[in-house]
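# Structural characterization, general
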Amino acid sequence: MALLSVQLLMMPWKWALWAQRLGTLWYISWVENTSIRLISGHRNKVTDLAVAPGEAHCATCGEDGSVRVWSLHSFELLLQFQVLNQSCLCLDWSPHNASGQRIAAGYSDGTIRIFSVSKTEMEMKIHPHPCAVTAVAFSLGGEVLMSGGKDGLMAISSTRTGMTVRVLNDHKGSPITTIQCSRRRPEELGLPGGEVWLAASQDRRVSVWASDWPKDKCDLLDWMSFPAPDSEQDPDSPLPTLATFCPWQSGTVVYTGFGLEKEVLFYALAQKQVLLRIPLDHFATSLSMSPAASLLVMGSGERLLRIIDTSAGTQQDFSAHDDCVHLCRVSPTGNLLFTASYNQVLVWDIQHS
């Protein structure tokens, strides 16, 4: 079972006594005419987090409209991009083989901005959606940006020209909650195409796609719909539909969300059936999986973080947060875990036993 130790990346806003509007606490010496940034954090809810390739940095975004880049060595704020009067709802960090260190961020006005970390500037602004952008992901090569909106439409845009080259309406009518690319090539899964990716929407539907971007091909491979009870969710705080590719089990999609049972499902694309069901005590509000071990991480509205070791069949709960754990991210190496509740982000060291 993995052991966790925790560090605080961003201090809660309520702890700052003398802070500016954007959530930063400064020590100012009027005599010496100097200033030192003591604490910096999001003023409102943290909406997404992405870890850079190499794991030297991570980026967070929030309802305050900011995108912040943090050092994972010193846990200090290195860089901030601010958009006024907009909420930043999602982001993704470009892959290793893409040109430069770039972050794509989706905003509540339907725009996506691509920021250069090395140049510390905005490189591109595109407007592929008529409503809020709720999910965004770079393709594995970085040449394409996939995004989903609150209306369920998905856009495929070129990161070179900024042009939207394709619009997919299969999830139309329900907000897109997740877009993710598989790290495995389609041929490893016995599938055609150059890249496999999935999208999930709030209405408990998950679609899986095979794409060959240089050939302008994008084909629907599978479509999953999961039932729910007649009783509706709380409209003020609906549970998200969560789906991800299983990093240690080829051709498997892991799903959880509001449904007939509190559970997480492992669905095999080749067999088109559920292979494994793991019961839960609470509905999940966030989901992530470790690429280094058979660990599954979930957060809940009960302020609990649950680690499930699927190979050992063990589970362990942690209660470090004081609000709903709405975000979980395991780093690409599987050594770090990031969790968030409202504007507090915790960084965990994962120690594999």
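Taking an unreviewed UniProt entry as the reference, the protein chain is identified by name as WDR90 4th beta-propeller domain-containing protein belonging to Staurois parvus.

Vacant regions in the atomic arrangement are exposed by a probe of water-molecule size rolled over the atoms. Here the second largest pocket is characterised by a volume of approximately 230 Å³. Around the second largest pocket, the lining residues are Glu143, Val144, Ser157, Ser158, Thr159, Arg160, Thr161, Met163, Val165, Trp213 and Asp216. Class assignment for the residues of the lining of the second largest pocket results in 4 nonpolar, 4 polar and 3 charged.

Core analysis: the biggest nonpolar cluster contains 17 residues, and Val67, Leu91, Trp93, Ile103, Ala105 and Tyr107 have the highest contact counts within it. Of all the elements in the fold, those that place two or more residues in this core are β5 (57-62), β6 (66-71), β7 (77-82), β8 (88-93) and β9 (102-107). Setting aside chain neighbours within four positions, we find isoleucine 103 in contact with Ala59, Val67, Val69, Leu91, Asp92, Trp93, Arg113, Ile114, Phe115, Val117 and Phe138. The next biggest cluster of nonpolar side chains, apart from the first, holds 16 residues, and it includes Trp197, Ala199, Trp209 and Cys218.

Attention now goes to unusual backbone geometry. Its identity is not glycine, yet aspartate 216 carries a phi of approximately 55°, on the positive side. With respect to the element layout, aspartate 216 can be found in the loop between β18 (205-212) and β19 (217-225). You will see that tyrosine 342, though not glycine, has its phi angle at about 50°, which is positive. Among the secondary structure elements, tyrosine 342 is positioned in the loop between β29 (336-341) and β30 (344-351).

Burial analysis of β29 places 6 of its 6 residues in the buried class, the great majority of the element. Of the two faces of β29, the one carrying Leu336, Phe338 and Ala340 and the one carrying Leu337, Thr339 and Ser341 are both buried. The sheet contact formed by strand β28 (residues 327-330) and β29 spans 4 bridges and is antiparallel. Within the sheet, the bridge partner assigned to valine 330 lies in β29 and is leucine 337. Hairpin connection from β28 to β29: 5 residues lie between these consecutive antiparallel strands, with glycine 334 at a positive phi of about 80°. Note: β29 against β30, 6 bridges, orientation antiparallel.

Spatially, 4 strands are ordered β16-β17-β18-β19 in an open sheet, and the strand pairing comes out antiparallel. At either end of the open sheet lies a strand with only one pairing partner, and these are β16 (176-181) and β19. Looking at each pair of strands side by side, their axes are set apart by 20° on average, direction ignored. Where strand β17 (residues 195-201) and β18 come together, 7 bridges link them in antiparallel fashion.

Analysis parameters
- Residues numbered from 1 in each chain as written.
- Predicted model: local features only at pLDDT ≥ 70, side-chain atom pairs only at ≥ 80, totals over all residues.
- Heavy atoms only, no water.
- 1 Å grid on protein atoms, 1.4 Å probe; cavity = no way out; pocket = protein on both sides within 12 Å on 5 of 7 lines; lining within 4 Å.
- Points joined across faces, edges and corners; volume = space filled by probe spheres on them.
- Nonpolar A, V, L, I, M, F, W, Y, C, P; charged D, E, K, R; others polar.
- Core = buried A, V, L, I, M, F, W, Y, C linked by side-chain atoms within 4.5 Å.
- Buried < 20%, exposed > 50% of the residue type's maximum accessible area, 1.4 Å probe, protein only.
- Helix = DSSP H or I, 4+ residues; strand = E, 2+ residues; numbered from the N terminus.
- Contact = heavy atoms within 4.5 Å.
- Pairing = 2+ DSSP bridges.
- Axes fitted to C-alpha atoms, helices over the stretch in contact; angles between N-to-C directions.

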